[in-house]
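As a plain string of letters, each chain reads:
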Amino acid sequence: MKGFTLALLAVSFIAFFSTAAHAVCAGYNYAFYDGGSGTYIISDCTPQCNVVRVDRLGGGNVCTQGNYKCSPPPIRVTDIRVNGLWYACRNDPNKGRCNGRPGAQSVPTSCCRNDGKRNLREGRITRAEYEAIERRTVELDAELAEFQAKAIV
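Conventions adopted
Residues numbered from 1 in each chain as written. Predicted model: local features only at pLDDT ≥ 70, side-chain atom pairs only at ≥ 80, totals over all residues. Heavy atoms only, no water. Phe/Tyr/Trp six-rings, centres within 6.5 Å; stacked < 30°, edge-to-face > 60°. Buried < 20%, exposed > 50% of the residue type's maximum accessible area, 1.4 Å probe, protein only. Lys NZ or Arg CZ within 6 Å of the ring centre and 35° of its normal. Helix = DSSP H or I, 4+ residues; strand = E, 2+ residues; numbered from the N terminus. Contact = heavy atoms within 4.5 Å. 1 Å grid on protein atoms, 1.4 Å probe; cavity = no way out; pocket = protein on both sides within 12 Å on 5 of 7 lines; lining within 4 Å. Points joined across faces, edges and corners; volume = space filled by probe spheres on them. Nonpolar A, V, L, I, M, F, W, Y, C, P; charged D, E, K, R; others polar.

Enquirer: Give me the packing of aromatic side chains: which residues, what numbers.
Expert: Any aromatic ring pair is given by two values, namely how distant the centres are and how the planes are angled relative to each other. Counted according to the given criterion, the structure contains 4 aromatic pairs. Their ring planes at 5 degrees and their centres at 6.1 Å tell us that F32 and Y40 sit as a pair that is stacked. What makes F32 buried here is its relative accessible area of 2%. Judged by relative accessible area, Y40 falls into the buried class, the value being 11%. Taken together, the aromatic side chains of F32, Y40 and Y68 make up a single cluster linked through ring pairs. One residue, R113, lies across the ring of Y28, its end atom 5.5 Å from the ring centre. Stacked on the ring of W86, the Lys or Arg R118 has its end atom at 3.9 Å from the ring centre.

Structure (structure tokens):
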């Protein structure tokens, strides 16, 4: 699992690096979409908005599924699990469009970033991986601030 996690971290780093140029979810790992009718979509934040996973739950409650965590009312998805790691989600006011993809809406419901503290606490990553995530988070925050400053001008 640790070797897989390092590979995933490297892929996430590359995906993160491209987010500042494309504003789907600048500074995040994944975009989460509530596609309606019990369909939930997760894409990366690259300009292509590659779909990572589609969950079709029909009448099922997303909050009771193992790959999602939700807030108390008003209910919203607060965390997603992708490839065994947790990502904390929030509604970023600067999220952009995904050129009509992936699915029912082109604007994500929320943007999600690696929850390094939780993944470390649950033994999903090593201390070194956690520290790398934290260093990258500082870089992402700087990229996000730069994107926001350009949006204001």
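Enquirer: I'd like a rundown of the environment of I80, residues and numbers included.
Expert: Counting through the fold element by element, I80 comes out in strand β5 (residues 77-82). Note on I80: relative accessible area 0%, which makes it buried. I80 sits 48 residues away from F32 along the chain, and the two C-alpha atoms are 8.3 Å apart. If near-sequence neighbours (up to four positions away) are discounted, I80 is found in contact with Y30, F32, I42, N67, Y68, L85, W86, Y87, C89 and C112.

Enquirer: Describe the layout of surface pockets, listing the residues and the values that go with them.
Expert: Of the pockets and cavities examined, the second largest pocket occupies roughly 160 Å³. Looking at the second largest pocket, the residues that line it are F32, D34, Y40, N61, V62, C63, I75, R76, V77, N91, T109 and S110. Taken together, the residues that form the lining of the second largest pocket break down as 6 nonpolar, 4 polar and 2 charged.

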